[in-house]
Amino acid sequence: MLYRSKAPFRLGIAGGGTDVSPYSDLYGGAILNVTVNLYAHATIRPLNNGKIRLIHINENITEEFDAVSQLPLEGRLLLQRGIYNSIVSRYNNGKPLSFELITQMDVPSGSGLGTSSTLVVAILGAFTEWLRLPLGKYDIAHYAYEIERIDLNMAGGKQDQYAATFGGVNFMEFLEDDKVIVNPLRISDDILQEWAMNTVLFYTEQQRCSGKIIEEQAENVKNNKNDSLEAMHNVKHEAFRMKNCLLRDELIELGKALNTSWTNKKKMARNISNEFIDHIYETAIANGALGGKISGAGGGGFMFFYCPGNSCYKVSEVLEKMDIGHIQQFEFCKKGLNTWTVKE
């Protein structure tokens, strides 16, 4: 049998960075995000040869081991190794498993759509399907967070794991003691389609390491750096504002709020933006976009812009002509993590 899963990537609409400790512990974080029909995929094929084979399609990596209870946390496929170690320890009484795990993503790593966390959720989904683990949505999302942030000590926030697991349009609140509240927003299909049609998603083709930016944001909070802290407060405020815009079907106001949010986000840490990103942003605004931002911590990856009326066509055309990236076609999707079993 094959045990499969897929989890959607997300656009971080507003509030990004306020889900990172210590800000979320001290002040409470708030994030608005929405998932798109671009996915992380995972397939588990059980083996009976006492081996573990890890295959990551995007980077053409294959690693093979003897089936032991704990894989070394070194090498390239750290996420896959860390997940296996945790699953065996927590849910299989320390007994090794023999299997092949194949993973693939519809977008590159480091592209700002929550790639690492979404891949973790997809892999956990495949293990849950195979081993019939008693995990609900909150369980899987928090488990993915624990593996990344605690077991593997990777810098980052909490939103991506919950977005990938729950799917759809969500307003998320992040409180002290790792408490997370996911509020699904009931947005009509007409508004969702209009929002998607007026949104241009642009890949800058610049991959970045979000960890350093996130670590700087955390240090700015610890050191009570006023400019950065005020910017985070403002970004959180804009998340509430944009949530209300969606609930009231006020997409024009959402577009304007995106511009305000981006202005504040750039003040949260250095290297969130640069001349290259600013040039792309200013070009989109000059050709009809009301606002936009980088999806993710910053520094590169995907950017998106709200373009009212028919301005999305002109914005897309101009950005494509810049020859420094490409337009990514997409639709919003309502479903999060999906798992299933098939005969090989």
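Residues numbered from 1 in each chain as written. Predicted model: local features only at pLDDT ≥ 70, side-chain atom pairs only at ≥ 80, totals over all residues. Heavy atoms only, no water.

An unreviewed UniProt entry lists the protein under the name Dehydrogenase, from Parabacteroides gordonii MS-1 = DSM 23371. The record in UniProt for the protein states the following under Sequence similarities (unreviewed entry): "Belongs to the GHMP kinase family." (UniProt positions renumbered as here; feature names shortened; annotations may be inferred.)

Enquirer: Even after reading the chapter, I still don't get unusual backbone geometry, so can you show me in this structure?
Expert: The phi angle of most residues is negative, glycine excepted, and most peptide bonds adopt the trans form. Cis rather than trans, the peptide bond between S21 and P22 has omega equal to 10°. Within the secondary structure, P22 is located in the loop between strand 1 (2-14) and helix 1 (23-26). Even without glycine at this site, D177 takes up a positive phi of about 60°. Of note, the phi angle at D178 is positive, near 60°, even though the residue is not glycine. Here D178 shows up in the loop between strand 6 (169-174) and strand 7 (180-184). For D178, a relative accessible area of 27% translates into the label partly exposed. (Helix = DSSP H or I, 4+ residues; strand = E, 2+ residues; numbered from the N terminus. Buried < 20%, exposed > 50% of the residue type's maximum accessible area, 1.4 Å probe, protein only.)

Enquirer: Could you clarify how one ought to interpret the domain arrangement of the protein in this entry?
Expert: Quite often, the size of an interface is put as the accessible area lost when its parts meet. Parsing the protein into structural domains produces domain 1 (2-186) and domain 2 (189-327). A straight line from the C-alpha centre of domain 1 to that of domain 2 covers 25 Å. Residue-level contacts link 33 residues of domain 1 with 36 residues of domain 2. Here domain 1 packs against domain 2, burying approximately 2700 Å² in sum over the two surfaces, 73% of which is carbon and sulfur. In this structure, the connection of domain 1 to domain 2 is made through zero salt bridges. Along the contact surface separating domain 1 from domain 2 lie eight residue pairs in polar contact (both at pLDDT 80 or more). Those elements giving two or more residues to the side of domain 1 that touches domain 2 turn out to be strand 1, helix 1, strand 2 (29-46) and strand 6. (Domains from an automatic or database assignment. Contact = heavy atoms within 4.5 Å. Buried area = accessible area lost by both parts, 1.4 Å probe. Salt bridge = Lys/Arg side-chain N within 4 Å of Asp/Glu carboxyl O. Polar contact = N/O pair within 3.5 Å; in protein donor to acceptor, adjacent residues only side chain to side chain.)

Enquirer: How do you make sense of the UniProt feature "domain: GHMP kinase N-terminal" (unreviewed entry) in the protein when you look at a structure like this?
Expert: The feature "domain: GHMP kinase N-terminal" (unreviewed entry), as given by UniProt, occupies residues 91-168 in the numbering adopted here. Along residues 91-168 the backbone is 53% helical and 9% strand, and the end-to-end C-alpha distance reaches 29 Å.

Enquirer: Can you help me understand the packing of aromatic side chains in this one?
Expert: Within the structure shown, the criterion is met by 16 aromatic pairs. A ring pair is formed by Y138 and F166, whose centres lie 5.0 Å apart and whose planes are at 75°; its orientation type is edge-to-face. Remark: F166 occurs in helix 5 (residues 159-166) and Y138 occurs in helix 4 (residues 137-151); sequence separation between them is 28 residues. Taken together through their ring pairs, the aromatic side chains of Y3, Y84, F99, F127 and W130 make up a single cluster. Here the guanidinium or amino end of K6 rests over the ring plane of Y39, the centre of that ring lying 4.3 Å away. (Phe/Tyr/Trp six-rings, centres within 6.5 Å; stacked < 30°, edge-to-face > 60°. Lys NZ or Arg CZ within 6 Å of the ring centre and 35° of its normal.)

Enquirer: How should the pairing of strand 5 (residues 99-105) be read in this particular structure?
Expert: Side chains on a regular strand alternate between the two faces of the sheet. For strand 5, the tally of buried residues reaches five of seven residues, placing the bulk of the element in the interior. Bridge count for strand 3 (residues 51-56) against strand 5 is five bridges, and the pairing is parallel. Residue I52 lies in a different strand from strand 5, and its bridge partner there is F99. (Pairing = 2+ DSSP bridges.)

Enquirer: Whenever I open this one, the nonpolar core confuses me. Can you help?
Expert: Grouped burial of nonpolar side chains is what soluble globular proteins tend to show. Counting residues in hydrophobic clusters, the biggest one holds 72 residues, and the most contacted among them are F99 and W195. Looking at which element gives the most residues to this core, the answer is helix 3 (residues 115-131), with nine residues. In terms of domain composition, this core takes at least three residues from each of domain 1 (2-186) and domain 2 (189-327). Among all residues touching F99, those that are not within four sequence positions of it are I44, R45, P46, L47, K51, I52, R53, L54, Y84, F127 and W130. Counting 27 residues, the second largest nonpolar core, distinct from the first, contains A231, M232, V235 and M322. (Core = buried A, V, L, I, M, F, W, Y, C linked by side-chain atoms within 4.5 Å.)

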